[in-house]
Structure formats: structure tokens, C-alpha cells
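This is what each chain is made of:
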Amino acid sequence: MSLLALNSGQALIIACAITALMWLGSTEVVAGTLSIGELVMINAYMIQLFLPLNFLGFVYREIRRALTDLENMLGLLNKKPQITDALNAQELNISHGEITFNNVSFSYDTHRPILNNLSFSVKAGSKVAIVGASGAGKSSLARLLYRFYDVSAGEISIDNQAINSVTLNSLRKAIAIVPQDTVLFNTTIRENIAYGRPSASDAEIDEAIAMAHLKDFIATLDKGDKTLVGERGLKVSGGEKQRIAIARAILKKSPILIFDEATSALDSHSEQAILAAMREVAQNHTSVVIAHRLSTITDADNILVFSKGELVEQGTHAELLIHKGQYSQMWLLQQQED
Ligand SMILES: Nc1ncnc2c1ncn2[C@@H]1O[C@H](COP(=O)(O)OP(=O)(O)O)[C@@H](O)[C@H]1O
Ligand SMILES: [Mg+2]
């Protein structure tokens, strides 16, 4: 509408001005005070004046579009995250990497609880597995630890420091996550891996690539690790994406590692290889492994079995089999499938 007003305004001004000019000029020519040549010259001057006026419409449109973009961008920048540092937040001082969940309850919507009064601890340097049906709240647990959401009740602490009393930056630096669905940027494989720790050296990135068993895959590509992965990584397979995510986590070198069904899209052969690599990386690290296939976590120091947001059983693989509860049922079922 404003552009319409501008355009018709311009046209009106130009039309009126030319009419007035011609009127004045021609009366003077008739009276003999102005020559025809002078009238033509005045006309040429006028046209030079109107050209930029016409151009104004174009400039105006561009300015309006830029302003809309600017508004969108500022709106995004002004969005306040719901999760922020506490007023006098300290740096997380991580010495061992012990994780404690103390009576934690959580829900995305108030009327539908996801986790109920959950208490457990992950000893420093140990490997803890979390198993349970899909929708049991396993991934939510990882999100809480990373503080994508705050707990509704209870407290999560790392080395006796409540995670909502430390700075987000130091907390997230201390935890490397291989998420259930990996987000890749539309850039090269190498840069996607380097995102784990942008300051890493070339040699460190190569090491992470080798540990995540990406070398063979990269060798088959024309451009090697400079291959673009496409929007959201659509040019790599699910398994390759997971291995890129694992390389990222390896590169980050955090004291705490979380694998959220990190090998679910891999075939058994690659899975075994990756599991070996994961074991190697997880040495001297606290690791939480969320797993679907139970055969991948039989060596865990403690296995937590979740059902509907509650911890129903825990123990080592052998203990849980003797206990003959949900875990042993799931185990038998998966053995039969195999
Ligand atoms: N962002 C979200 N908003 C609302 N509900 C969610 C959200 N993410 C997950 N949920 C719900 O929380 C429950 C647990 O999800 P999740 O932790 O991903 O389960 P899983 O054990 O399979 O990893 C699911 O029933 C899911 O529908
Ligand atoms: Mg999940």
C-alpha cells in the first residue's frame, strides 16, 4: 500500500510539474521572452530531476525489505533463553565427574509427568547404562543433565555442585553428548567434526576420525573429508552421521560422556568396532550410555532400568538376570530375536 502511495505520488508530482512547466514555458515563448531552444533545455533539466525521483521507488522498496529482515533478526537476538546462569553462578569445578540425581521430577507439560522422583548416582569414572522402553524418558534425562530444561523438583549435581548453580558454559564444556539425532551443518565433514572443539589441531581431528571409524568411509569419497554433507546432513547415511557425532564427542575431550542410542543406526560389525572405540575413549571418564540393544551394555558397572519415568531396577548385568525382572525379560526377548 505504501509503495502504491509512493508510486502514484511520484507520478502525480511529475505530471503536474511537466504540465505547469509547459504552461509557463509556452506562454513565455508566445510572448517572445523565451526561445524554443531555452524551453527544450528547461525540459531536459526537468527530466534529469525526475529520473532520481523515479529511482526512489526502488530504493524505498529495498529499504523496507531490509527493515523487515532487520526486525526478524533483532527479534531472534532479543529472545531471552529460559535457561540462564544463576545470579552468582560459579564455574563448574570438575574433579572426578560424579553425577547425582536427587529426587528429580520433570515434565514438559505440567499435566504429563515424564520423570518421577528419580534418585541415583553415577560414580566417578564408571560406566552406567540406561535402558527402558522408548518414551520412558531416557533422552529427557540427558537433556536435563545438559540443562536444556530445568528440573521441576529435586536437584542434579556434578561433583556435589548443583548444575543450576554453575555457569552453563562450564557445565556444557564438561559434558560431551552423542545425541539420538545428530544435527549436522551444511559444510564439510571435517568442519562438522571440528565443531566438537573448534580449537582442536589437525592431528587431533584426524585422530578423532580414526577412532570413530570414519577413515574407510572418507577414503571412498572423491573430496575426502572436504565433502559437503548437505542440508542437515542429508547426503550421509544415519550410521555415518552417528559416527561423525561420535568423532565430535571424542574430539571434545570432556570428563563426562553421554551416548544416547549412539550406535542404533549401525550394522553389527561397525557397532562392535565403535563400541571398542567408545570403551577406549570412556576409560577414566564417567560415561552414561543410553542403549536400545542390551548386548552393547553388558559390561556396564551399573545398569538402570527405566519404565514410565521411574527407576524400576538397577544392578550389573549378572545381578539383573538373577533378579528376573524387566531387564531379564527384555534380555530374553532380544536374545530370541537374534
Ligand atoms: N520437547 C518435548 N516436549 C514435550 N514432550 C516431549 C518432548 N520431548 C519428549 N517428550 C515426551 O517425553 C517422553 C519421553 O521422551 P524421551 O526422553 O525422548 O524418551 P526416550 O526414553 O525414548 O528417549 C515421550 O513420551 C515424549 O513424547
Ligand atoms: Mg531417546
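For clarity, every value in this text was computed on a predicted model and none was experimentally measured. (Residues numbered from 1 in each chain as written. Chains lettered and ligands numbered in written order. Predicted model: local features only at pLDDT ≥ 70, side-chain atom pairs only at ≥ 80, totals over all residues. Heavy atoms only, no water.)

As assigned here, the protein comprises domain 1 (2-78) and domain 2 (99-337). Look at where the C-alpha atoms of domain 1 and domain 2 centre, and you get two points 65 Å apart. (Domains from an automatic or database assignment.)

With that out of the way, let us pick up the coordination of the magnesium ion (ligand 2). Distances from the magnesium ion (ligand 2) to its protein donors, namely Ser139 (OG) and Gln180 (OE1), fall within the range 2.0 to 2.2 Å. Here Gln180 lies in the loop between β6 (175-178) and α5 (189-194) and Ser139 lies in helix α3 (residues 138-145), a separation of 41 residues in the sequence. A residue is classified by how much of its surface remains accessible, and Gln180, at 37% relative accessible area, is partly exposed. (Donors = N, O, S within 2.8 Å, 3.2 Å for Na, K, Ca; no water. Helix = DSSP H or I, 4+ residues; strand = E, 2+ residues; numbered from the N terminus. Buried < 20%, exposed > 50% of the residue type's maximum accessible area, 1.4 Å probe, protein only.)

To continue, consider the UniProt feature "domain: ABC transporter" (unreviewed entry) in the protein. With numbering aligned to this structure, UniProt lists the feature "domain: ABC transporter" (unreviewed entry) at residues 99-333. Helix makes up 34% of residues 99-333 and strand 26%. Its end C-alpha atoms lie 31 Å apart. (UniProt positions renumbered as here; feature names shortened; annotations may be inferred.)

So, about α3. Counting buried residues in α3 gives seven out of eight residues, a clear majority hidden from the surface. For α3, the set of buried residues is Lys138, Ser139, Ser140, Leu141, Ala142, Leu144 and Leu145. Taken from the residues just after α3, Arg147 is the one with a positive phi, measuring 60°.

Counted by the stated rule, this structure contains eight aromatic pairs. Centre to centre, the rings of Phe101 and Phe120 are 4.7 Å apart; their planes meet at 10°, and the pair counts as stacked. Here Phe101 is found in strand β1 (residues 99-109), whereas its partner Phe120 is found in strand β2 (residues 112-122), with 19 residues between them in sequence. Pair check on accessibility: Phe101 and Phe120 agree, each one buried. (Phe/Tyr/Trp six-rings, centres within 6.5 Å; stacked < 30°, edge-to-face > 60°.)

Further remarks concern the site of ligand 1. Near ligand 1, the surroundings consist of 13 residues, among which Arg112, Gly135, Lys138, Ser139 and Ser140 are the closest. Lys138 places a polar main-chain atom, nitrogen or oxygen, 2.8 Å from an oxygen atom of ligand 1. Protein contact buries 69% of the 560 Å² of open area that ligand 1 shows by itself. The dominant element in the shell around ligand 1, judged by the number of residues it contributes, is α3, at four residues. Split by residue class, the shell around ligand 1 holds five nonpolar, five polar and three charged. (Near = heavy atom within 4 Å. Polar contact = N/O pair within 3.5 Å; in protein donor to acceptor, adjacent residues only side chain to side chain. Areas by Shrake-Rupley, 256 points an atom, 1.4 Å probe, with all protein chains shown as cover. Nonpolar A, V, L, I, M, F, W, Y, C, P; charged D, E, K, R; others polar.)

The next subject is the packing of helix α1 (residues 2-31) against helix α2 (residues 36-78). Where α1 meets α2, the axes come as close as 11 Å, and the angle between the chain directions of the two elements is 175°. By the angle between their directions, the pair α1 and α2 is classed as roughly antiparallel. For the contact of α1 with α2, the class distribution of residues is 17 nonpolar, seven polar and two charged. (Axes fitted to C-alpha atoms, helices over the stretch in contact; angles between N-to-C directions. Parallel < 35°, antiparallel > 145°, perpendicular 65-115°, else oblique.)

Packing of helix α6 (residues 202-211) against helix α8 (residues 238-252) leaves a shortest axis separation of 8 Å and a crossing angle of 135°. Taken as axis vectors, α6 and α8 run oblique relative to one another. The crossing of α6 and α8 is right-handed. Between α6 and α8, the residues in contact are Glu204, Ile205, Ala208 and Met211 and Ala247, Ile250 and Leu251, respectively. For the contact of α6 with α8, a count of residues per class yields six nonpolar, no polar and one charged. (Left-handed = near helix turned anticlockwise from the far one by under 90°. Contact = heavy atoms within 4.5 Å.)

For α2, with 43 residues, the first-to-last C-alpha span of 63 Å sits near the 63 Å given by 1.5 Å per residue. The secondary structure elements touched by the buried residues of α2 are α1. (Expected span 1.5 Å × (residues − 1).)

Per the UniProt record, the feature "transmembrane region" (unreviewed entry) sits at residues 12-36 and 42-60. A distance of 26 Å separates the end C-alpha atoms of residues 12-36, which is 84% helix and 0% strand.

Before going further, it helps to spend a moment on the nonpolar core. Counting residues in hydrophobic clusters, the biggest one holds 44 residues, and the most contacted among them are Ile193, Leu214, Ile297, Ile303 and Tyr327. For this core, the leading source of residues is α8, giving seven residues. Grouped together as the second largest cluster of nonpolar side chains are 31 residues, Ile99, Ala174, Ile258 and Leu304 included. (Core = buried A, V, L, I, M, F, W, Y, C linked by side-chain atoms within 4.5 Å.)

Take the sheet that holds strand β7 (residues 256-260) next. Spatial ordering of the open sheet is given by β6-β7-β8-β3-β9-β10, a layout of six strands whose pairing is mixed. Here the strands that pair on one side only, and so sit at the sheet edges, are β6 and β10 (310-315). Taking each pair of neighbouring strands and ignoring which way they run, the sheet shows an average axis angle of 15°. The strands that α3 touches are β3 (127-132), β6, β7, β8 (286-290) and β9 (302-307); relative to β3, the one it contacts most, it runs at about 135°. (Pairing = 2+ DSSP bridges.)

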